[in-house]
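Residue-level structural notes
Letter by letter, the chains look like this.
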Amino acid sequence: MLTPPALSAETITGCLSDTYGLRTCQVNFLPLGADINAVVYRIDTEGGTPYFLKLRRGDFDEMGVAVPSFLHARGIQQVMAPLMTTTSHLWTRQHGYVWILYPFFEGLNGYRSALSEAQWIRFGQSMQAIHSTVLPLELASRVPHEDYSPQWRESVLAFDQQIEAGAYDDQIAQRLAAFWISKRNDIRAMVGRAGELARALRQRPSALTLCHADLHPGNVLVGADDALTIVDWDNPIFAPKERDLMCLGGGVCAVWSEDREAALFYQGYGPVEIDPVALSYYRYERIVADVAAYGDQIFGVQGSVEDREEGLEQLMGQFLPGEVVDVAHQTYRQLS
């Protein structure tokens, strides 16, 4: 969220005192992320220790805090884990939000800072450890399994029909509709191919691993002395490993597109056979999901003008030459 909600610093300070026992001296809103349902702050305490506070409204899956907490406790230190409340809970619900508190990591995300060679290798080692993890039954039974749901594809097709007859009062929605029409062939091709690949994957067994499910440069933070941490575990899932690994080679943005970077990652990850069908599916499905989510946000006039403007820019950027739409089409063509 790019604009702060109607929560005063006093309200936040009081809640952190009551729930986490913190004596806060400063609350700073951080205009980060494309999720209009998530708000983040830097919290500085009287003792000088900084924290990272995340507030989430709407749907909340407790596995988004329980799984990273387990992974971190298991020894995968590169997984960012939430801190406990004074009553030993990983989150609390206050003032219409779920509150989750983390240590503050001094560094930049992968969009703003390139990973060093050591960080790429450590990133690969960390993802191998995550993908190899066997969760205890109590946790594993509550983590969803990949079912190749048509939810996002159906949402995009519904918007595609709506645009035919739609008249939008909102100027940002008008711009999205015009852009959508200009890219309609690409959008329809991605929906159709993602559905085709989903049907193929359903018809054959695939090994499922624990996946982050939203691995991209914004969710990998890099710091001094080759420090690295993986954040935003909102929707862990058991899925083919390609759900995470498709982030390499430009699958979610042009930032991680170099062969050298992938080679360093796999030096840490170890030998692995990539399923080209699953890779192609996830590259298309990721874009389709983004188109659906930005459609909801912009056509539904959700969030501030700044959030919707940023959402439109993010969506349009995916169709630029060499960006994720081009990469997804290229991956699909290689199947034949």
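Here we summarise the structure given alongside this text. Positions within a chain are numbered from 1, following the residues in the order the chain's sequence is written. For this predicted model, a pLDDT threshold of at least 70 governs which residues receive local features, and a threshold of 80 or more governs which side-chain atom pairs are given and counted, while totals over whole chains, interfaces and linings are taken from all residues. Excluding hydrogens and water, the side-chain values take into account all heavy atoms of the structure.

This next bit is on the overall build of the protein chain. Numbering of helices and strands starts at the N terminus; helices are DSSP runs of H or I of at least 4 residues and strands are runs of E of at least 2. For the protein chain, the count of helices and strands is twelve helices and ten strands. If one aligns the C-alpha atoms of the protein chain with their principal axes, the spans along those axes are about 60 × 55 × 35 Å. Partly exposed residues are those whose accessible area sits between 20% and 50% of the maximum for their type, while under 20% is buried and over 50% is exposed, using a 1.4 Å probe and protein chains only. The 336 residues of the protein chain split such that 51% are buried. Excluding contacts between residues fewer than 6 apart, the proportion of contacts in the protein chain whose partners are at least 24 apart in sequence is 74%. All accessibility values rest on the Shrake-Rupley procedure with a 1.4 Å probe; residue burial counts only the protein chains present in the view. For the protein chain, the computed accessible surface area is about 15600 Å², with 50% contributed by carbon and sulfur atoms. Think of it this way: Lys and Arg go in the positive column, Asp and Glu in the negative one, and His and the chain ends go nowhere. Charge positions come from single atoms, namely NZ of Lys, CZ of Arg, CG of Asp or CD of Glu. Across the protein chain, the centroid of the 26 positively charged side chains sits 4 Å from that of the 42 negatively charged ones. Residue contacts are counted whenever heavy atoms from the two residues lie within 4.5 Å of one another.

Another aspect to go through is the packing of helix α10 (residues 276-299) against helix α11 (residues 305-317). Axis separation between α10 and α11 bottoms out at 10 Å; the angle between their running directions is 150°. Relative to α11, the element α10 is oriented roughly antiparallel. Judged by the sense of rotation from one axis to the other, the crossing of α10 with α11 is left-handed. Counted together, Val291, Tyr294, Gln297 and Ile298 of α10 and Asp307, Arg308, Gly311, Leu312, Gln314 and Leu315 of α11 form the full contact between these two elements. Helix axes use the C-alpha atoms of the stretch in contact, all axes being lines fitted to C-alpha atoms, and the angles between their N-to-C directions lie in the range 0 to 180 degrees. Roughly parallel refers to an angle under 35 degrees, roughly antiparallel to one over 145, roughly perpendicular to one between 65 and 115, and oblique to any angle outside these ranges. Crossing handedness is read from the near helix: turned anticlockwise from the far helix by less than a right angle, it gives a left-handed crossing, and turned clockwise, a right-handed one.

Time to look at the side chain of arginine 184. Relative to the assigned elements, arginine 184 resides in helix α7 (residues 184-202). Ignoring any residue separated from it by four or fewer positions in sequence, one finds arginine 184 in contact with Asp160, Ile163 and Glu164.

Right, let's get into the environment of serine 88. Along the chain, serine 88 turns up in the loop between α2 (63-73) and β4 (92-94). When the C-alpha atoms of serine 88 and threonine 19 are compared, they prove to be 9.9 Å apart, with 69 residues separating the residues in sequence.

A few words on the pattern of salt bridges. Any carboxyl oxygen of Asp or Glu within 4 Å of a side-chain nitrogen of Lys or Arg constitutes a salt bridge here. Applying the stated criterion across every chain yields a total of 22 salt bridges. Residue glutamate 164 pairs with arginine 188 through a salt bridge whose shortest N-O separation is 4.0 Å. Residue glutamate 164 is found in helix α5 (residues 151-165), and its partner arginine 188 is found in helix α7; the two are separated by 24 residues along the sequence. With a shortest N-O distance of 3.7 Å, glutamate 258 and arginine 260 are connected by a salt bridge. Within the structure, one salt-bridge network assembled from shared partners comprises Lys54, Arg56, Asp232 and Asp234.

A few words on the environment of tryptophan 233. Looking at the element boundaries, tryptophan 233 is found in the loop between β9 (228-230) and β10 (237-239). Expressed as a C-alpha distance, the spacing of tryptophan 233 and glycine 58, which sit 175 residues apart in the sequence, is 16 Å. Pairs of N or O atoms are called polar contacts if they sit within 3.5 Å, as long as, within protein, a hydrogen donor faces a hydrogen acceptor (for residues adjacent in sequence, only side-chain-to-side-chain pairs). In this structure the side chain of tryptophan 233 is engaged in a polar contact, spanning 3.1 Å, whose partner is the backbone oxygen of isoleucine 230.

Another aspect to go through is helix α3 (residues 117-131). Here α3 contains 15 residues, and its C-alpha end-to-end distance of 21 Å stays within 8% of the 21 Å for a straight helix at 1.5 Å per residue. Within the span of α3, buried status applies to Gln119, Trp120, Ile121, Phe123, Gly124, Ser126, Met127, Ile130 and His131. Residues of α3 that are buried make contact with α2, β7 (209-211), β8 (220-223), β9, α8 (242-245) and α9 (259-269). Given the number of residues in a helix, its expected span is that number minus one, multiplied by 1.5 Å.

What follows covers the sheet that holds strand β6 (residues 107-109). Read from one edge to the other, the open sheet built from three strands follows the order β6-β8-β9, with strand pairing classed as antiparallel. At either margin of the open sheet sits one strand with a lone partner, and together these are β6 and β9. Across the sheet, the axes of successive neighbouring strands diverge by a mean angle of 25°, strand direction being ignored. Inspection of the sheet shows β8 paired to β9 by three bridges, in the antiparallel sense. For valine 222, the partnering residue across the bridge sits in β9 and is leucine 228. Across the sheet, α3 is in contact with β8 and β9; its angle to β9 comes to roughly 35°. Paired strands, in this sense, are two strands between which DSSP finds at least two bridges.

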